[in-house]
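# Examination of the molecular architecture
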Amino acid sequence: MWFFSVIRFPIARAFVRDERASGKRSFPRRSILMATYVVGLTLCGLLSARLSGEEVTEGAYGTGLGAEQQQANGETRGPNIVVFLIDDMGIMDTSVPFLLDGDGHPVRYPLNDKYRTPAMERMAAQGIRFSQFYAMSVCSPSRISIMTGQNAARHRTTNWINPDANNAGPNGPATWNWRGLSRSSLTLARILQSNGYRTIHVGKGHFGPRGTEGEDPLNLGFDINVGGSSIGQPGSYFGTKNYGASGPKPTHAVPGLDSYFGTEVFLTEALTLEAKRHVAEAVRENKRFFLNVCHYAVHAPFQQDPRYTSEGVWPSKDAAAFASLVEGIDKSLGDMLDYLDELGVAEETLVFFMGDNGSDAPLGGAHEVASSAPLRGRKGSHYEGGMRVPLIAAWAKPTGGNAWQRSQPIAKGAIQSQVSAIYDIFPTILEIAGITRPKEHVLDGQSLSTLMRGEYDPDHRSDFLMHYPHSPHRSDYFTVYRQGDWKLIYHYLPNRKDGMARYQLFDLNKDPFEQNDLAIEEMDKVRSMIGFMKRRLDDESALLPMERASGELLVPQYPDE
């Protein structure tokens, strides 16, 4: 029965596609599905003797799924995967409430009532959202963490990648991984590609600087690349400006969208249309697909998406433009969910929606309660607002009726409060796809499979490390270490914008908005947390900032040293 449970959907889709192409319906869809039952049962009987006890051909990295989820003749196992990654979208840039009260219930704050994200609301209702999901505080480190399953401290791309110059900073480690990923990098896309997936990248790449292998996602395991290059922001969101090719910043033109040049098509919409085109092609060819949709929105420049207006709601033109960018990516999400259903593959497609770092909404200072209110801080800062991002996981059409959904049920309308991080996406996708990672590849991430069921996972790590040994940014030369409810911030070179303190300590259970620094009165806890932080830095072979004159490493110090 396992063969039939998987093959009946492609057979039915083939009939439906032929009908759509001809504009005629030769049989009712129910009749088609009944026919597939008969064909499937017959094939099961014919093939059972041949397949019983016979090892199914594995992909380059192996398979881990049970028989019910395998396909015959060595074809790709596992569901379609869509990752929706939004640039600079923090946990409060949505109408979906992610933050919880003391009893674990979601709380709406003023920002939730200002943003309009109905597609995120729809996805949250049919899946699970994570209230304590962390990314790195800037973009390239997070993107490479998704691709490798490693923390930035380990893969050593600890800063955003300037396309044209090494931006380590005056005291930054000289050997940090400015060059990012390469052809030799083991990536999520490469593993899925080697196991038969059509791997599609649409949107921002930012995996490597200009002129390097990492500049082009095609070198990193993607079969298709539309829009990905070394740039971290678009020269323009407007088709009339050729997405930056015609304007003051041609070095930041978005590639691969020439057919939209001179049109009124906004960048977010153009990327959505391209994603739909390549997914449709994969479905026509009966190929499993991994779609990596990485919108340039909601990154600056804050240019108004003309499809949406928020006059009178926001305090500035930039803030209103930012809100329009949020609404545009939400429409993109809704359009993709609808299109997957139209193609007949929604039930077998798993979708992850997330941000790559904290909010950059132009609503206040970098260390204030403003852009991510009530959370403190903004993109690039060491506070929660700089690194807490939304994560929603859901089946595009949850029915529980196929092998993939039965193998990985996802709690509907649930909120998961366990701490998790962006490097957990890599092992999660591989587990659900039934692919065994190479043993020699070191992972910091752990599968979210149990958490996605809405359950508590006692084996999931409860600590989080965010290492930023660079400047200049909203915060400079710092490491954040969270263990349970306690959060330590270590400043290697204390300065005025960081309050001149070397240590900050917060109890996020009692003080989730980081208003009461306990470092002085809880010095024993500071010492303990520094010990754990140093061990994890050592375990991940993290690079440290250094004294400019002497080249001496700035090793984290205990308070009494």
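About the criteria used
Residues numbered from 1 in each chain as written. Predicted model: local features only at pLDDT ≥ 70, side-chain atom pairs only at ≥ 80, totals over all residues. Heavy atoms only, no water. Helix = DSSP H or I, 4+ residues; strand = E, 2+ residues; numbered from the N terminus. Buried < 20%, exposed > 50% of the residue type's maximum accessible area, 1.4 Å probe, protein only. Contact = heavy atoms within 4.5 Å. Areas by Shrake-Rupley, 256 points an atom, 1.4 Å probe, with all protein chains shown as cover. Polar contact = N/O pair within 3.5 Å; in protein donor to acceptor, adjacent residues only side chain to side chain. Pairing = 2+ DSSP bridges. Axes fitted to C-alpha atoms, helices over the stretch in contact; angles between N-to-C directions. Phe/Tyr/Trp six-rings, centres within 6.5 Å; stacked < 30°, edge-to-face > 60°. Lys NZ or Arg CZ within 6 Å of the ring centre and 35° of its normal.

On to the overall build of the chain. Along its length, the chain carries 13 helices and 14 strands. Each of the 561 residues in the chain was classed as buried or not, and the buried ones make up 60%. By sequence separation, contacts in the chain at least 24 residues apart represent 68% of the contacts at least 6 residues apart. Of the roughly 21,200 Å² that the chain leaves accessible, carbon and sulfur atoms contribute 50%.

A separate point is the side chain of Ser185. Examined against the element boundaries, Ser185 turns out to sit in the loop between helix H6 (152-155) and helix H7 (188-194). The class for Ser185 is buried, based on a relative accessible area of 15%. A distance of 2.9 Å separates a polar atom in the side chain of Ser185 from the backbone nitrogen of Ser182.

To continue, consider the sheet that holds strand S12 (residues 478-483). If you walk across this open sheet you meet the four strands as S11-S12-S13-S14, and the pairing is antiparallel. Where the open sheet ends on each side, the last strands, each with one partner, are strand S11 (463-468) and strand S14 (503-507). Neighbour-to-neighbour, the strand axes of the sheet open up by a mean angle of 10°, direction not taken into account. Pairing between strand S13 (residues 486-491) and S14: five bridges, direction antiparallel. Across the sheet, Ile489 pairs through a bridge with Gln504, a residue of S14.

Taken as a whole, this structure holds 16 aromatic pairs when the rule is applied. Both rings, one in Phe84 and one in Phe353, keep their centres 6.1 Å apart while their planes meet at 20°; by these two values the pair is stacked. With a gap of 269 residues between them, Phe84 in strand S1 (residues 80-86) and Phe353 in strand S7 (residues 349-355) connect regions that are remote in the sequence. Phe353 matches Phe84 in its accessibility class, with the two residues each being buried. An angle of 45° between the planes, with centres 4.9 Å apart, marks the rings of Tyr115 and Trp314 as tilted. Highlighted residues: Tyr115 in the loop between helix H3 (110-114) and helix H4 (118-125) and Trp314 in the loop between strand S6 (289-295) and helix H9 (317-343), separated in sequence by 199 residues. Accessibility classification places Tyr115 together with Trp314 in one group, the buried group. By way of ring pairs, the aromatic residues Tyr115, Phe302, Trp314 and Phe322 are connected into one cluster. Geometry around Trp314 places Lys114 over its ring, the cationic atom sitting 5.2 Å from the centre.

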